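Read off the chains here:
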Amino acid sequence: MSEQPSAAAAATETYILFAVAGTTYALRSHQVLHMEMIEQVTPVPNAPRFVEGVVFSRGQVVPVVNLRARFGFDRAPLDLRTRLLVVQNDGRRIGLLADEAREFLTIPDSAIQPPHQAIGGLSGNYLDGVATLGDRIVLILNVREVLETSPTAAA
Amino acid sequence: MSSSGQGPDFASGFMDDYFAEADEHLVAIRRSLLVLEASLGADLPAPILDDLFRSFHSLKGLSAMVDLREAEVVAHQMESCLRAVRQGDVVLTGANFETLVDGAKLLEAVIVAHRMGQPRPPVGRTLEQLETLARPAAKPAADREGGPASSPATPPVRPGEDERVWKVIFVPSPQLVERGIKVDTIRTRLLQIGHLLKVEPKVVAGGGISFEFHLQTAHGEQLGAWSDDGVSCELLAAVPPPEPPEARARPAAPDSAARAPRPVDLATAGPTNFVRVDLGRLDDLMRLVGDMVVTRARLDDSLQRLERHVPFQEWRALQEHNTGLERQLRDLREGVMRVRLVPVGEIFRRMPFVVRDLARDSGRRVQLDLVGQNTEIDKFLIERMMDPILHLVRNAITHAIEKPDERAAAGKPPEGTIRLGASTAGESVVIEVSDDGRGIDAQAVAARARAGGAPIPEGPIDQGALLDIICAPGFSTRDEVDRGSGRGVGMAVVRATVEELGGALAVESEAGRGTTFRITLPLTLAITDAIITHVGRHTFAVPQSAVREVVEVDPGVLRSIEQNELMTYRGATLPMVRLSDLFGIRVDPRPRLHAIVIGDGLAAIGLLVDRISGQREIVVKTITDPLIRVDGVSGATELGDGRLILILDVSALSRTLRDRRPVDSRVSA
């Protein structure tokens, strides 16, 4: 990463952090419209397996993607810590189901590296980068990839 | 004429008409009173007084017809008061104007109480006050120009009921003088039966003199009796006696222009270009249109199947007609939906009264500007939006607008302004409630929310986040208890209502300058009747228009032939499809199932569900995202408890099923 001489501020971005199956992920905050707790999701029969169903959020019908299922983990029951992150991408409004919401964090670009090919597991396909913050590792998600429903992605 | 003695349906329909008409009059009364208030202390606009008189007169008659005594009596008193004011017997001041307002409110309260089946409010005290008001204390002869006529005339007075203006001509003659009838005699007689507006001597051919009187009287019939005394008369229709220009008279319909004194036209002001429509009929119409859409879709299917059997030219003609039909049907559908549109002014018109009362009670001075009252929104939306908008307006007065001295100290005019505006923007209607009050201090609000335990990060709060904070359930503002914004409608409910209707709420505020709340609503609503069905743990809505019949089924009577289940139905075999199979839903065996019959004749199919829990009107939200676009589901709807259920796409379902099914299974029993 090229260093700007006497940069007023190093390039940074604000992210929203959340947990799925014990791992911390991050989304750029401008992509997240809002977060909410949900009690139940209406299942949609014959939808892709990782689609939990639909919910009614802020007056709109929002599809819910179960991130555990998307990343290849077993589903877990909804509890009080489960959060729905409603994101927007390409004019679509989708809800991402996470186990737990963590914090807002500003991460400098310098702390982020592109994902290695070697990162195992399905979630490697959906990453924009990996951030190292001290001894903490945060995986930065690519929303478009998460929502992609091409035949190869259908789990 | 009383409504008793007729069947209950007739009576209730009659009452509905009464309430509808009464409501129209009450609205007109409210509006007129407000205009009148603005004119207190100056010339009261005659057309307004006439309108008020007319309205009370009509309400009196209507209430008598339905035996609503209290309303009749109050209306009668109001009518008397208005007559006294019109005649100049009573001068309206701030104090006695309030009595009029109280009377109007009481009248409304009585009618509303009757409608709700509640005990009627006591009317005695207000009636007394009205009676006192109507009694002319002293006659303050409101001196107006007598007109260019030479002779003195008594000041013209507002015409009472049934009074007319006559032109009376007296031709004196020596014979009449012998009988003691001179011009003064005639003049005295005329004064006894009415008011003289003008007296003018005229020179007649031959050098004689005649006298022309303009007389305002309710007793014109007496004039005929004096024809032997040299008196001839004629009703003055077109010639208006001179009258000072009316200040602030509305640029009104021609017949109510300032051509006073004139007889008040007690008939309603002519036919208008509007029809009052029963909402139920409108819904029926929309349902029919919905049915037509479904039928045309089936026509479409048949045509597609026909294509290979029909010569190209013929088929093309058919297809053209079909397309034409589709286009016309779409136009019809839009047209019918447009009939449901009503001007948003229906909500706005109640606001001036609310603002007036609340401003006065809270010691503020508020001016209300209404913009875009003709903007139209769906009737369904009007009803749901009344409370939210009321709440925003009340909030503006009790929270935003500062008291006059505080405003003056801030360099603002002592009168605060609230602007209520509506406009269309593409496919949406935008309603704004703005004020020039103290604005919302985002940081202060965030601090208060944080103090209450809300997890709000430090730093700048944008307008979206601000809205989230103030709309969060549990975010208490001090007004939740005070009368102004009471009744439990908080900001959370405002936002929830707006969003339930498919709209959005936004706020823009600048501390010290003012606040604007913006409500965006969809212009048209897809509302339809649906049958709510259950399959296992799932709930589906089936549009009523697609359903031919609902039949209870004993699973034991179903017969299986090859892959299909069949049932005997109306002398034929009905293929059945289990929704649980179609959608891969796990179900427990049940002793009874329900079949929803869709399609007609040979194309009929029975959809098997576990049970049916009723029928309701639903607002259809289409499903567009590819992730959830599945065959057989066309949309979703919110049941009102936050739960979303899916709406079945019946025609797509039947198409899929029909194509799947081998033809020879459709066997008549």
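About the thresholds
- Residues numbered from 1 in each chain as written.
- Chains lettered and ligands numbered in written order.
- Predicted model: local features only at pLDDT ≥ 70, side-chain atom pairs only at ≥ 80, totals over all residues.
- Heavy atoms only, no water.
- Pairing = 2+ DSSP bridges.
- Helix = DSSP H or I, 4+ residues; strand = E, 2+ residues; numbered from the N terminus.
- Axes fitted to C-alpha atoms, helices over the stretch in contact; angles between N-to-C directions.
- Contact = heavy atoms within 4.5 Å.
- Salt bridge = Lys/Arg side-chain N within 4 Å of Asp/Glu carboxyl O.
- Nonpolar A, V, L, I, M, F, W, Y, C, P; charged D, E, K, R; others polar.

Enquirer: Could you give an account of the sheet that holds strand β10 (residues 504-510) of chain B, naming the residues involved and the relevant values?
Expert: Residues and elements named next belong to chain B. One open sheet accounts for five strands, arranged β6-β8-β9-β11-β10; its pairing is mixed. The outermost strands of the open sheet, each flanked by one partner alone, are β6 (366-371) and β10. With strand direction ignored, the average angle separating the axes of adjacent strands in the sheet is 15°. Here strand β9 (residues 428-435) runs beside strand β11 (residues 514-522); their pairing, made up of eight bridges, is antiparallel. Bridge pairing in β11 links Ile431 to Ile519. Against the sheet, helix α16 (residues 463-471) contacts β10 and β11, and its axis sits at roughly 110° relative to β10. Sitting on the sheet, helix α17 (residues 491-500) touches β10 and β11, and the angle it makes with β10 is about 135°.

Enquirer: Can you break down the interface of chain B and chain A residue by residue, with the values?
Expert: Listed per partner, the contact involves 24 residues of chain B and 24 residues of chain A. Taken together, the connections running from chain B to chain A amount to one salt bridge. Those elements giving two or more residues to the side of chain B that touches chain A turn out to be α17, β13 (538-543), β22 (633-638) and β23 (644-648) of chain B. Counted by class, the side of chain B that touches chain A contains 13 nonpolar, three polar and eight charged residues.

Enquirer: Can you lay out the sheet that holds strand β19 (residues 605-609) of chain B for me, pointing to particular residues and giving the numbers?
Expert: Residue and element names in this part refer to chain B. Spatially, six strands are ordered β14-β18-β19-β17-β16-β15 in an open sheet, and the strand pairing comes out mixed. In the strand order of this sheet, the two ends are held by β14 (547-553) and β15 (559-561), each with one partner. Averaged over all adjacent pairs, the angle separating strand axes in this sheet is 35°, with direction ignored. The pairing of β15 with strand β16 (residues 564-569) spans three bridges and is classified as antiparallel. Residue pairing for β16: Ser560 is matched across the bridge by Glu565.

Any functional reading would require information that these geometric values do not contain.
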